[in-house]
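# A structural walkthrough
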Amino acid sequence: MTDRGTDGATAITVSPAGGGARTARPAGAPPHGLGDSLSPAEAEAKARGTFPYTADLWAEGLLWAAVLRSPHPHAAIKRIDTTDAAAMPGVRAVVTHEDVGGEAGLGRLVTDRPPFASEVVRYHGEPVAAVAADHPETARLAAAAIVVEYEEREPVTDPEKSFEAPALHPDGNVIRHIPLRHGDPAATGEVVVEGLYRIGRQDPAPIGVESGLAVPRPDGGVEIYTGTTDPHTDRDRIAASLGLTTEQVKIYVTGVPGSLGDREDLGFQLPLALLAIRTGSPVKLSATREESFLGHAHRHPTLLRYWHHADRTGKIVKVEAQLLMDAGAYADDSAEALAAAVSFAAGPYVVPNAVIDGWAVRTNNPPAGYVRGEGAMQVCAAYEGQMDRLAAQLGIDPAELRARNVLGTGDALPTGQTVTCPAPVAELLAAVREAPLPALPKDGPVEDWLLPGGPEGAGEPGAVRRGVGYALGMVHMLGAEGADEVSTATVKVEGTVATVLCAAVETGQGFATLARQIVQDVLGIEEVHVAPVDTDQPPAGPGGRGRHTWVSGGAVERAAKMVRTQLLQPLAANFGMSAELLSIADGKITSYDGVLSTTVAEALEGKELWATAQCRPHPTEPLNEAGQGDAFVGLAFAALRAVVDVDAELGSVRVVEVSVAQDVGRVLNPRQLRTRIEAGVLQGVGAALTEHLRVVRGEVRRPDLSGYPLPTALDAPDVRIVRLIEERDVVAPFGAKAVSAVPVVVAPAAVAAAVRAATGRPVNRLPIRPQSAVVGP
């Protein structure tokens, strides 16, 4: 076993299977290359508050923008009068849908969302107009002075009623229906359990709200500085919307202040571009927290009905499910989210027969889109609830029931795709089952912060019940159903300094650090810089689902290896040997026989080397009319055990500890990996207990952080990473897998299972409401 623990934290235990170990570095040597805990280059600047985010940008002659948003979830627009707003002193421009030309919405997202509402508004907060003025307060007052005459319509807010409701969009109300059929649809089991589950609307709630700066170009185009995660798609959509060529639109990616989903909001970035072109001046727009909640996409609220069939030993015979995802007013990437939900609706279990129907439908609720673990998180909460129901019905320990059904390499998903990647689900479950449980409160000092409800909680120790729950889950890596995943990277070496150019955006997931480590590992160069991202570089795709670790990291590695060949070939030729017989380690170049020995710095003296490479994983295919097909490039798995304390009288819940065992492929940066897992668990705890964006009849209520409580340090449980299995996926560069999404997916299900164990209540809704955790007399 290899101990990956560092800096006094809980040790990470790694399976030796397929992992391999790095050669021990000399004592006191700085972290260097893959497998070491190299710190992010920008860590100190972020800690000191000197790191430049988009909101910090400034330009000479700067104007300020404000966006007018619809106060109604559904209404016809009869008239828009901008006369009074345009006449206000200090106002430089007012724009509406009439100022937008071309076809909006190119790229990855579905082309159904207009930049500005024209004839009808379809959700509360939809952009209607925008203003540029000399002062931010002037811009806000001018936006408020725009007269919009609305004719309110009855909003469709219940997704179950969307099927029969009048069309909310020219493309209809049903975005996608997937009818999955696997095995024998008529199969039945001796025992059947039924459950109805509801998953709420979780918001990404990034630490920094959206902000951007647009600067007009002499050719009539525009340059935009913003914290996007997919600059090339933004560029293409903005160019199409404004009738420009892509060469006339350039996007510079500035510091991204957190991203748990996409940060591409056309209703935010397009007004910037349009106003800059219209005024001929730089224009800045910084959203308020309320605008951020109204503007960006949220996790899909989902209604799930399940029937699990099993025999008397607990072996699953068939899974039936009906999944209904509320996409809100526009499609965005709901079709992709639905594909993940339907494909993983049975979980990481062997299911010989499945009948699963999934729908994504439009409503007049706020738009839903990609949030970490999208699709997989909603179904995980439901199928794990079903496993607990089945265990109770059969009188089998819940963890043991799961162990009897776990998926493994070589088994088939309900989509018919064979799992060819490592799938050590049984080992992961065993690891969390065997981990020691935390001490009961009675074994230590009784302090009020230990009680559910926090420091000011009104609970009594005698009312507290402890519960232990298990959950297994899975996510897919990269895009699915034929998505063309490709990234390009260039590595340049001048002297003893290397530079990486790649359009993969650093959003906090650690790509910039990984790129440095890759070059250090391949070339033995200590000083490595990652260039800022702009759209002059070839596209790398958006962040999420391990894309940049796999595709962009793979491109960096290939480019670095090409530079390595350029470096070693002349040396090898001088000694009459092949370059493959030379190795680079710790800044030194040596031959297999020891005849050649020099430093990388000496070999690079006076040279400038560079190479560009692409990485594109093997292709996938769309699901067919029966929901069958090899739709996914790779899968990652995790097992979590949650321990909770529940006040049986008040229904308040405290998550005491979450133990994690995860399938990671290969640990590339131990400290960074541990941090990503801990953050994923905490996001999952938020989804389980506190995070729910309230929408009443289509209107968002209290769109601020007082109305949307995020878990704080006091809510954070102890996260014990009990095992990381390093069984490399041979088709992935480095063999590594996606890390942060799996804990987000599994943690809510584990917390819900633990509350069930403590209370005996069904707990079929997330977030868990206090009344769901109260134990009756």
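Report follows, based on the coordinates. Going along each chain's sequence as written, the residues are numbered from 1 onward. Predicted model: local features are reported for residues with pLDDT of at least 70 only, side-chain atom pairs are reported and counted for 80 or more only, and whole-chain, interface and lining totals are derived from all residues. Based on all heavy atoms of the structure, the side-chain values leave hydrogens and waters out of the count.

Let's shift gears to the pattern of salt bridges. Within this document, salt bridges are pairs made up of a side-chain nitrogen of Lys or Arg and a carboxyl oxygen of Asp or Glu, the two lying within 4 Å of each other. Counted by the stated rule, this structure contains 34 salt bridges. Glutamate 557 is paired through a salt bridge with lysine 561; the nearest N and O atoms lie 3.6 Å apart. Within this pair, glutamate 557 and its partner lysine 561 are both found in helix 12 (residues 547-574), separated by four residues, close to a single helical turn. Salt bridges here are not isolated pairs; linked through shared partners, they connect Glu384, Asp388, Arg402 and Arg756. Working definition: helices are DSSP H or I runs of at least four residues, strands are E runs of at least two. Numbering for both runs from the N terminus.

Since one α-helical turn is 3.6 residues long, residues separated by three or four positions face the same way. In this model helix 11 (residues 511-523) runs 18 Å from its N-terminal to its C-terminal C-alpha over 13 residues, within 8% of the 18 Å that 1.5 Å per residue would give. Partly exposed describes any residue whose relative accessible area lies between the buried limit of under 20% and the exposed limit of over 50%, with all areas from a 1.4 Å probe on protein chains only and scaled to the type maximum. With twelve of 13 residues buried, helix 11 lies mostly within the body of the structure. Where helix 11 is concerned, the buried positions are Phe511, Ala512, Thr513, Leu514, Ala515, Arg516, Gln517, Ile518, Val519, Gln520, Val522 and Leu523. Downstream of helix 11 by one or two residues, glycine 524 has phi in the positive range, about 70 degrees. An expected span of 1.5 Å times one less than the residue number is assigned to each helix.

Further remarks concern the nonpolar core. Residues Tyr306 and Leu323 are the most contacted members of the largest nonpolar core, which totals 107 residues. If one sorts the elements of this core by residue count, helix 15 (residues 741-759) sits on top with twelve residues. Working rule for contacts: check all heavy atoms of both residues, and any pair within 4.5 Å makes them a contact. Ignoring sequence-local partners within four residues, the contact set of leucine 323 consists of Leu303, Leu304, Tyr306, Ala341, Val342, Ala345, Ile356, Asp357, Gly358, Trp359 and Val379. What is meant by a nonpolar core is a set of buried Ala, Val, Leu, Ile, Met, Phe, Trp, Tyr and Cys residues, joined one to another through side-chain atoms within 4.5 Å. One finds Met477, Leu478, Val491 and Val551 within the second-largest nonpolar core, a separate group that totals 55 residues.

Peptide bonds are mostly trans, and most non-glycine residues show a negative phi. Residues leucine 766 and proline 767 are joined by a peptide bond in cis, for which omega reads 0 degrees. You can see proline 767 is positioned in the loop between strand 31 (765-766) and helix 16 (770-773). A positive phi angle, near 50 degrees, is found at arginine 702, a position not held by glycine. Even without being glycine, valine 763 reaches a positive phi, approximately 50 degrees. Relative to the helices and strands, valine 763 resides in the loop between helix 15 and strand 31.

In this section: the state of the cysteines. Only a pair of cysteine sulfur atoms within 2.5 Å qualifies as a disulfide here. Per the stated rule, a full pass over the model turns up zero disulfides. Of all cysteine sulfurs, the one in cysteine 502 lies closest to cysteine 615, which takes part in no disulfide; the gap is 10 Å.

Let us now look at the sheet that holds strand 25 (residues 608-615). A strand pair is defined by DSSP finding two or more bridges across the two strands. Here we have four strands laid out as an open sheet, ordered 21-20-19-25, and mixed in their pairing. Each of the sheet's edge strands pairs with one partner strand only, and the pair in question is strand 21 (527-530) and strand 25. Across the sheet, the mean angle from the axis of one strand to that of its neighbour is 20 degrees, orientation sign disregarded. Pairing geometry for strand 20 (residues 497-502) and strand 21, over four bridges, is parallel. Paired with threonine 499 across the two strands is histidine 529, which belongs to strand 21. All axes are obtained by fitting lines to C-alpha atoms, using only the stretch in contact for helices, and the reported angles, taken between N-to-C directions, cover 0 to 180 degrees. In the packing of helix 11 onto the sheet, the strands contacted are strand 19 (487-494), strand 20 and strand 21, and the crossing angle to strand 21 comes to about 140 degrees. Where helix 12 meets the sheet, it contacts strand 19, strand 20 and strand 25, and its direction lies at approximately 145 degrees from that of strand 25.

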